[in-house]
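Understanding the architecture of this molecule
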Amino acid sequence: MRRILSAFIAFSTLLAGPVAAEPQTYAVALAGRQLGTLEFNGQSQDAAFLLSLDNAPFGIKNGTFNAATRSAGGSVNYLGSNRGSETRDIAIARTEGQVTSVKITPTSEITQLSEAKAVPAGVLFPPELFAALANAKSCPSPLALYDGRRVVQIATQAVSQDGASVLCDMSYRVVMGPGYVSPFYLKSFGMDLVYTAGRLAKASLSGGGFKVHLTRQ
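Structural notes, computed from the coordinates. (Residues numbered from 1 in each chain as written. Predicted model: local features only at pLDDT ≥ 70, side-chain atom pairs only at ≥ 80, totals over all residues. Heavy atoms only, no water.)

By definition, a disulfide links the sulfur atoms of two cysteine residues through a covalent bond. Taken as a whole and assessed by the stated rule, the structure comprises 1 disulfide. There is a disulfide in this structure between Cys139 and Cys168, and the S-S distance comes to 2.0 Å. The S-S bond linking Cys139 to Cys168 shows a torsion near -90°; that makes this disulfide left-handed. Taken as a pair, Cys139 in the loop between helix H2 (126-134) and strand E8 (143-146) and Cys168 in strand E10 (residues 165-176) lie far apart in primary sequence, 29 residues in all. Looking at Cys168, the relative accessible area reads 2%, which means it is buried. (Disulfide = S-S within 2.5 Å. Helix = DSSP H or I, 4+ residues; strand = E, 2+ residues; numbered from the N terminus. Buried < 20%, exposed > 50% of the residue type's maximum accessible area, 1.4 Å probe, protein only.)

Structural data, given as structure tokens:
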């Protein structure tokens, strides 16, 4: 289940460094059951979030995922860390839009896209992607995500208005590397964003019979 969640945010330090945006908290829910929270702070290349799950069914996916990006001297560094039933540490560096190094522990989590030279230019790391969605005022332009294991393309398919809210029908597709959730390796997800009064109010990701909701608190 956490892999479905990581597909949305895929998203080592919580609220650290020179972040300037207002902190945001989201409730994480599945089928009406709140699983935990996601705390986010930052914008663009300096962002961090903490996903905490403490109420997953049977407790089998309870744990935390910390992720942060920091920019310095023209480079951007990303650190991500899973702690729970699954443990994984990821460190990626990017200079002038090109990934230059990727380190993943344990090595069993490495894929063919964990080689820096295999990663296309211009990708965003998970906290940068979440910043682009959370700090936008309406449906985003196309985005490309890289989490150390795969490349995902995210694009707006349709836009509609519901009173004061803008509804964004999105696509979330793995275009390079393995899909999510072994042994199914899902590569295509439905994604919905709701912006109310110029800020992200709710986000949903659906695939493989699951639909996970993030609701801003």
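Oppositely charged side chains can pair when the atoms bearing their charge come close. A full pass over the atoms with the stated rule returns 6 salt bridges. Of the charged contacts, one joins Glu109 and Arg88 as a salt bridge, the two residues approaching to 2.9 Å between their closest N and O atoms. Residue Glu109 is located in the loop between strand E7 (98-105) and H2, and its partner Arg88 is located in strand E6 (residues 88-95); the two are separated by 21 residues in the primary sequence. In this structure, Glu109 and Arg88 share a single accessibility class: buried. The network of salt bridges with common partners includes Arg88, Glu109 and Arg149. (Salt bridge = Lys/Arg side-chain N within 4 Å of Asp/Glu carboxyl O.)

Turning next to the environment of Leu129. Relative to the helices and strands, Leu129 is located in helix H2. Along the backbone, Leu129 and Ile154 are 25 residues apart, and their C-alpha atoms lie at a distance of 9.6 Å.

With that settled, the discussion passes to the side chain of Ser171. Its location among the elements puts Ser171 in strand E10. Under the relative-accessibility criterion, Ser171 is labelled buried at 16%. Among the polar contacts listed, one links the side chain of Ser171 to the side chain of Gln157, at a separation of 3.1 Å. With sequence-adjacent residues up to four places away left out, Ser171 is seen in contact with Gln153, Ile154, Ala155, Gln157 and Phe189. (Polar contact = N/O pair within 3.5 Å; in protein donor to acceptor, adjacent residues only side chain to side chain. Contact = heavy atoms within 4.5 Å.)

Turning next to the nonpolar core. Ranked by size, the top nonpolar core spans 52 residues in total, and within it Val99, Tyr146, Tyr172 and Leu193 carry the most contacts. In this view, Leu193 contacts Leu133, Pro140, Val166, Leu167, Cys168, Met170, Leu200, Lys202 and Ala203; residues no more than four positions away in its chain are not counted. (Core = buried A, V, L, I, M, F, W, Y, C linked by side-chain atoms within 4.5 Å.)

Two faces make up the sheet, and in a regular strand the side chains alternate between them. When strand E4 (residues 63-72) meets strand E5 (residues 75-84), the two strands line up antiparallel, connected through 10 bridges. Its bridge partner lying in E5, Asn66 is registered against Ser81. Between the end of E4 and the start of E5, which pair antiparallel, lie 2 residues, with Gly73 showing a positive phi angle near 60°. Note that E5 and E6 share 8 bridges and pair antiparallel. Of the residues in E6, the one forming a bridge with Gly80 is Ile90. Hairpin geometry of E5 and E6 is characterised by an intervening segment of 3 residues between the two adjacent antiparallel strands. (Pairing = 2+ DSSP bridges.)

On their own, these measurements won't tell you what the molecule is for.
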